[in-house]
Amino acid sequence: MPAQREPSPGDVAVVGDVVGEAVEFLELYHRERRLPGLAERLAQVRDEIAVTGSYRHTRDELGYGAKVAWRQSVRCVGRIRWAGLKVRDRRHVTTVAGIAQELAAHLAAGDNGGRIQSVVTVFAPDRPGVGPRARIWNDQLIRYCGHRGDDGSVLGDPAQVAMTEAARRLGWRAPPVPGRFDLLPWVIETAQEEPTVLDVPRELVREVALSHPDHPWFADLMLRWHALPVISNMRLRVGGVDYSCAPFNGHYLGDEIGTRNMGDRERYDQLRVVAEALGLDTSREDNLWREHAVLVINQAVLHSFRLAGVRVSDPHTESELFMKFCAQEERAGRPVHGDWSWLNGSVGWAALHAVHHRYYDPGVPNPNIWPTQRVYDPEGVVKSTLRERHATARAQEV
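Residues numbered from 1 in each chain as written. Predicted model: local features only at pLDDT ≥ 70, side-chain atom pairs only at ≥ 80, totals over all residues. Heavy atoms only, no water.

Looking only at helices and strands, the protein features 12 helices and 16 strands. Principal-axis analysis of the C-alpha atoms places the extent of the protein at approximately 70 × 55 × 35 Å. For the protein, the proportion of its 398 residues judged to be buried stands at 52%. Looking at the protein as shown, the accessible area adds up to about 18,300 Å², and 52% of this sits on carbon and sulfur atoms. Side chains of the protein carry 49 positive and 52 negative charges; the gap between the two charge centres is 4 Å. (Helix = DSSP H or I, 4+ residues; strand = E, 2+ residues; numbered from the N terminus. Buried < 20%, exposed > 50% of the residue type's maximum accessible area, 1.4 Å probe, protein only. Areas by Shrake-Rupley, 256 points an atom, 1.4 Å probe, with all protein chains shown as cover. Lys, Arg positive; Asp, Glu negative; His and termini not counted. Charge placed at Lys NZ, Arg CZ, Asp CG, Glu CD.)

This paragraph deals with unusual backbone geometry. Cis geometry is adopted by the peptide bond preceding Pro367, which originates at Asn366 and carries an omega value of 0°. Along the polypeptide, Pro367 turns up in the loop between helix H11 (353-356) and strand S16 (368-371). Of note, the phi angle at Arg34 is positive, near 55°, even though the residue is not glycine. As for its placement among the helices and strands, Arg34 is situated in the loop between helix H1 (15-33) and helix H2 (38-52). Phi is positive for Asn112, close to 55°, though the residue is something other than glycine. With respect to the secondary-structure elements, Asn112 resides in the loop between helix H4 (96-111) and strand S2 (119-122). Overall, Asn112 belongs to the partly exposed group, its relative accessible area being 27%.

This next bit is on helix H5 (residues 161-169). In an α-helix, one turn spans 3.6 residues; hence positions three or four apart end up facing the same way. All of the buried residues along H5 are Val161, Ala162, Met163, Thr164, Ala166 and Ala167. The positive-phi residue at the C-terminal boundary of H5 is Gly171, with phi of around 105°.

Looking now at the sheet that holds strand S7 (residues 196-198). Read across the open sheet, the 3 strands follow the order S3-S6-S7; overall the sheet is antiparallel. The open sheet is flanked by strand S3 (134-136) and S7, the only strands paired with a single partner. Averaged over all pairs of adjacent strands, the angle between their axes in this sheet comes to 25°, without regard to strand direction. Across the sheet, H4 touches S3, strand S6 (186-190) and S7, and the angle it forms with S6 is around 135°. (Pairing = 2+ DSSP bridges. Axes fitted to C-alpha atoms, helices over the stretch in contact; angles between N-to-C directions. Contact = heavy atoms within 4.5 Å.)

Where helix H6 (residues 254-261) contacts helix H8 (residues 289-307), the axes come no closer than 8 Å and their chain directions differ by 140°. Between H6 and H8, the angle is such that the two are oblique. Note on packing geometry: the crossing formed by H6 with H8 is right-handed. Residues Gly254, Asp255, Ile257, Gly258 and Thr259 of H6 lie in contact with H8, whose contacting residues are Val294, Ile297, Asn298, Val301, Leu302 and Phe305. Tallied by class, the residues present in the contact of H6 with H8 amount to 6 nonpolar, 4 polar and 1 charged. (Parallel < 35°, antiparallel > 145°, perpendicular 65-115°, else oblique. Left-handed = near helix turned anticlockwise from the far one by under 90°. Nonpolar A, V, L, I, M, F, W, Y, C, P; charged D, E, K, R; others polar.)

Another point: the environment of Thr282. Inspection of the secondary structure assignment puts Thr282 in the loop between helix H7 (271-277) and H8. Residue classification places Thr282 among the buried residues on the basis of a relative accessible area of 15%. Measuring from C-alpha to C-alpha, the distance between Thr282 and Arg272 comes to 7.1 Å, with 10 residues separating the pair along the chain. Leave out the neighbours within four places in its chain, and Thr282 touches Arg272, Ala275, Glu276 and Trp289. Engagement of the side chain of Thr282 in a polar contact is seen with the side chain of Arg272, the distance being 3.2 Å. (Polar contact = N/O pair within 3.5 Å; in protein donor to acceptor, adjacent residues only side chain to side chain.)

Counting across every chain of the model gives 10 aromatic pairs. Summarising the aromatic geometry, the rings of Tyr144 and Phe181 are spaced 5.1 Å apart at their centres and angled 85° between planes, so their arrangement reads as edge-to-face. Linking Tyr144 in the loop between S3 and strand S4 (146-148) with Phe181 in the loop between H5 and S6, this pair joins segments that are 37 residues apart in sequence. Overall, Tyr144 belongs to the buried group, its relative accessible area being 0%. Members of the aromatic cluster, connected to one another through ring pairs, are Phe25, Tyr29, Tyr64 and Trp82. Cation over ring: Arg71 sits above Trp82, and NZ or CZ is 4.7 Å from the ring centre. (Phe/Tyr/Trp six-rings, centres within 6.5 Å; stacked < 30°, edge-to-face > 60°. Lys NZ or Arg CZ within 6 Å of the ring centre and 35° of its normal.)

This is how it looks when you write it as structure tokens:
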């Protein structure tokens, strides 16, 4: 499948583009599923696009399209599991309250008692030429607050300061005694309803306290992380139709938590803390104290998740599985698209010969999962609401 130009957020859909993507996807769907009736379905879709500017996927088309989007997601190393994705078709749910209820159900389904399973919940498609009918502001359904103090310091996750401020501006009140791991509320909006703040159902959030098998002091750091990574601010695109509200999850790769979330300076920044607890000299760089510390944190993550019975992957196992995925794709006659910088993590990947020394087709085909524009600025100020956008479009139509 050839790479396609991704429309910028301000683009207005062109009927010809939708037709082209629809034809390409439906041909792929019918070919790979060995289904009859392609000519009839294409004629039906062309007629629908001519009248409305878009078309409605059948439940099976949407389900398969979401799976193919994962199969072609250039940043994901876990794509060998693409065919097992559980697709929850919730296009009929259009209210904030209804969406919140389905997000809670997604958390329960994805958690699966700690045996994390891959799930996507798809809400109403975007309105052609206008944009999302529903939107979740959070980048993930489970995130920790970033509380900025009067002195500029941050308690919690610095990456979530702007989102925390945006929630405050909408009336959310932080805990009386803020902590490092306070759950961020959800902010959900629709084309009919203003952005609404809702607390995440605490009973559905599984968290893992981090400890180390060889360093008892590690538990005293009081670090923890949630079990389920549900990405909620990306846009699923299938056959020329956008679904901007389509949260999805896999399970964690250990170094996403150990290296990025715990180790990055712009996140919890725990490398120096751990290095000093290990008795390492942090006044010099040539002893690689940072590498030593990040390895210990990653060991703690893998140990703790497995001790808690929560599914997690290590980079060596995931590397081998990804190479099997590449072989499967090549046998099927499909190119392997990939972003090398994302497929190679930050701990131990240089030792993983196959993934590290392989290059990939840089194109990004559709179906796929695309980034979306941030809803708020770095100070947490809202840029525009869906209600305003859709009202403007309706006025222009009149």
